[in-house]
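So you can see what is in the structure, the chains are spelled out below.
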Amino acid sequence: MKRLLKQSIIGLSMAAMAGCTTLGPDYQPPEVDVPQQWQTSLEEIAAVADTQWWKLFNDPVLDELIRLALENNRDLRRAAARIREYVARVDIARSGLYPNLGYGANAARSQGSRNTPGAAPDGMSRVGDSYQAALSVGWELDLWGSIQRGTEAARANLLGAEHGRRALVLSLVSSVATAYIELLSLDRQLEIARNTLKRRAENVDLFRLQFEGGVVSELEVAQARAEYETTAILIPAIEQQIRITEFNLSVLLGRNPGAIVRHASIDDLVLPQVPGDLPSQLLLQRPDILQAEQDLIAANALIGVARAAYFPRISLTGLLGLASAELSTLLDGASGIWNAGAAMAGPIFSGGELDARLRVSEAVQQQLLQAYLSTIQRAFSDVDKALISAQKLREVLDASKRQVSALKDYTRYARERYDEGYVSYIEVLDAERRLFDAELEYTKRQGNSYVALVAIYRAMGGGWVGTAEAVADVVDFPAKDAGEPRRWWDYPPATEPASKKQP
């Protein structure tokens, strides 16, 4: 009988495993309409999307700031911890594919009633001891692929978390570069404002002396003082912006707000070439696109989990152990106990819950499909907008430079004619005011041109994200030869990403 029961259970489990099927649709990458080229194409072409593009600015301070941010940023460290969480979740999901082995032991003393059927007769003790030690095993057969689909979803969530971290790397590097460029632009604006204020202070002193000598009137003194105060108002505002930008950059670097040491001027930055004719396929490397696809893969797998809930669950159980009323005889051969069995349970009526759960999973999959396609469309739009912005801002910057040069000539001629008595001081003030405004605007546009380039690299993503990620000392997973049985890189994607299947 014992042998027959064992053979029956083994035969049932082998037959069940042979008949296993995975319910739910297998993931098929959706068709993606990839444009052959960008709407905006520039003459200057440089394949820099797969390099550490910030080094092209040729500023060691910027390089160091980005390195510090990649190593110390709190959000990046939190993302690394999130990846470790999803590694563990994959292990949890996979554990259902294997039998559970457990153990148990107990010792008890009890007293029975004399007033119940089968009670101990008078004169015999009602107190008894019992001892038991056993090993137990349980295994739910994954007949319908529910556990496999759950593991597939967990793996996709893990890879999505990793792509989310890469997206954070992309955003972090771009934000540090942008903040640093803004600092250099503000430094230059402050320098222009202070130099202008110094010249206007000298004008005020000069006109006061001329007024005392009867050369000029109070009107001209008042005009000089008004221009001085107008410039003085701008300086605290620029200094405030500098401090706020420094504080924001400090947070990106993972440290308390403080000053940012810098040595270069915005004029010292090298203006990199714009990657205008890079292939459209490059954009599909963007981490947010890859993350959106992994979300879609996970949702697709959960449809299979929902469908498997319609079918019965079959579990195999067993126990092998020892039981005795005396501790001294617990290890005797006659104390052996065992049992083996199989259980099956399935739904008959659930009030529509199973149907509703399936519809929910299918609707979520459709939502994430549209989100994935929308992410791709936004990405192409981001690149085209960044390209046209960089192109037009450079044209504006060139025109602004010519404007500053013309206003310098205008200011020089106005002062010469004023000294010769041909024009009033109002002409000089107008020329100086327009030159001051133009110099400030030129500096702002200069910074905007650099920021527009950063926006291009950010929009394109590309291989440089992986290059930057290698700098980040935030994922403390051990090396593959360190003896760890499973790590996140041991879990390949459930399917090849759509981005790699495009023609």
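See the structure above.
These lines cover the structure that appears in this document, whether it is placed above or below. The shown structure was predicted, so the numbers you read here are calculated from the model rather than taken from an experiment. (Residues numbered from 1 in each chain as written. Predicted model: local features only at pLDDT ≥ 70, side-chain atom pairs only at ≥ 80, totals over all residues. Heavy atoms only, no water.)

Along its length, the protein chain carries nine helices and four strands. Along the protein chain, from the amino end to the carboxyl end, the secondary structure elements read α-α-α-β-β-α-α-α-β-β-α-α-α. With 503 residues in all, the protein chain has 40% of them scored as buried. Taking as baseline every contact in the protein chain between residues at least 6 positions apart, the subset at least 24 positions apart corresponds to 84%. Split by element, the accessible area of the protein chain, about 27500 Å² in all, is 53% carbon and sulfur. (Helix = DSSP H or I, 4+ residues; strand = E, 2+ residues; numbered from the N terminus. Buried < 20%, exposed > 50% of the residue type's maximum accessible area, 1.4 Å probe, protein only. Contact = heavy atoms within 4.5 Å. Areas by Shrake-Rupley, 256 points an atom, 1.4 Å probe, with all protein chains shown as cover.)

This paragraph deals with the pairing of strand β3 (residues 313-324). Taken together, the eleven bridges between strand β2 (residues 127-141) and β3 define a ladder with antiparallel strand orientation. Of the residues in β3, the one forming a bridge with E140 is S315. Of the pairings in the sheet, the one linking β3 to strand β4 (residues 336-345) comprises ten bridges and is antiparallel in character. Residue L320 lies in a different strand from β4, and its bridge partner there is W338. (Pairing = 2+ DSSP bridges.)

A few words on the packing of helix α3 (residues 74-95) against helix α4 (residues 146-212). At a closest axis distance of 8 Å, the pairing of α3 and α4 adopts a crossing angle of 170 degrees. Of the possible angle classes, the one that applies to α3 and α4 is roughly antiparallel. The class makeup of the residues in the contact of α3 with α4 is 15 nonpolar, three polar and six charged. (Axes fitted to C-alpha atoms, helices over the stretch in contact; angles between N-to-C directions. Parallel < 35°, antiparallel > 145°, perpendicular 65-115°, else oblique. Nonpolar A, V, L, I, M, F, W, Y, C, P; charged D, E, K, R; others polar.)

What follows covers the pattern of salt bridges. Side-chain pairing between opposite charges can occur once the charged atoms of the two side chains come close. Summed over all chains, the structure comprises 27 salt bridges. Of the charged contacts, one joins D430 and R433 as a salt bridge, the two residues approaching to 3.8 Å between their closest N and O atoms. With D430 and R433 both in helix α8 (residues 425-460), this residue pair falls three residues apart, about one helical turn. Relative accessible area serves as the criterion here: at 32%, R433 is assigned to the partly exposed category. (Salt bridge = Lys/Arg side-chain N within 4 Å of Asp/Glu carboxyl O.)

Okay, the environment of G333 next. Relative to the assigned elements, G333 resides in the loop between β3 and β4. Taking the relative accessible area as the measure of exposure, G333 reaches 77% and is therefore exposed. For the pair G333 and L322, spaced eleven residues apart in sequence, the C-alpha separation works out to 8.5 Å.

Structurally, N203 can be placed in helix α4. For N203, a relative accessible area of 11% gives the class buried. Those residues in contact with N203 that lie beyond four places of it in its chain are R415, Y425 and E432.

The next point concerns the pairing of β2. Where strand β1 (residues 100-111) and β2 come together, twelve bridges link them in antiparallel fashion. Each residue of the ladder has a partner; that of G102, found in β2, is S136.

To continue, consider the sheet that holds β2. Taken in spatial order, the four strands of this open sheet run β1-β2-β3-β4, and their pairing is antiparallel. Whereas interior strands pair on both sides, the edge strands pair on one side only; in this sheet they are β1 and β4. Geometrically, the sheet is characterised by an average inter-axis angle of 20 degrees between neighbouring strands, direction not taken into account.

If you check helix α2 (residues 60-72), its first and last C-alpha atoms are 18 Å apart, about what 13 residues at 1.5 Å a residue would give, namely 18 Å. All of the buried residues in α2 are V61, L62, D63, L65, I66, L68, A69 and L70. For α2, the N-terminal capping position is held by D59, with its side-chain oxygen 3.0 Å away from the main-chain nitrogen of V61. (Expected span 1.5 Å × (residues − 1). Polar contact = N/O pair within 3.5 Å; in protein donor to acceptor, adjacent residues only side chain to side chain.)

Attention now goes to the nonpolar core. By size, the foremost hydrophobic cluster in this structure holds 51 residues, and its most contacted members are W53, F57, L65, L70 and V173. When contributions to this core are tallied by element, the ones reaching two or more residues are α2, α4, α5 (218-252), α7 (353-419), α8 and α9 (464-471). The biggest single contributor to this core is α4, with 16 residues. Core analysis: the next-biggest nonpolar cluster, separate from the first, contains 16 residues, L296, I297, I376 and F380 among them. (Core = buried A, V, L, I, M, F, W, Y, C linked by side-chain atoms within 4.5 Å.)

Taken as a whole and assessed by the stated rule, the structure comprises seven aromatic pairs. Ring geometry for W53 against W54: centres 5.7 Å apart, planes inclined by 85 degrees, an arrangement best described as edge-to-face. For W54, a relative accessible area of 3% corresponds to the buried category. Judged by centre distance (4.4 Å) and plane angle (50 degrees), the ring pair of F207 and Y425 falls under tilted. Of this pair, F207 sits in helix α4 while Y425 sits in helix α8, and the two are 218 residues apart along the sequence. An aromatic cluster is present here, built from W53, W54, F57, Y450 and Y457 joined pairwise through their rings. (Phe/Tyr/Trp six-rings, centres within 6.5 Å; stacked < 30°, edge-to-face > 60°.)

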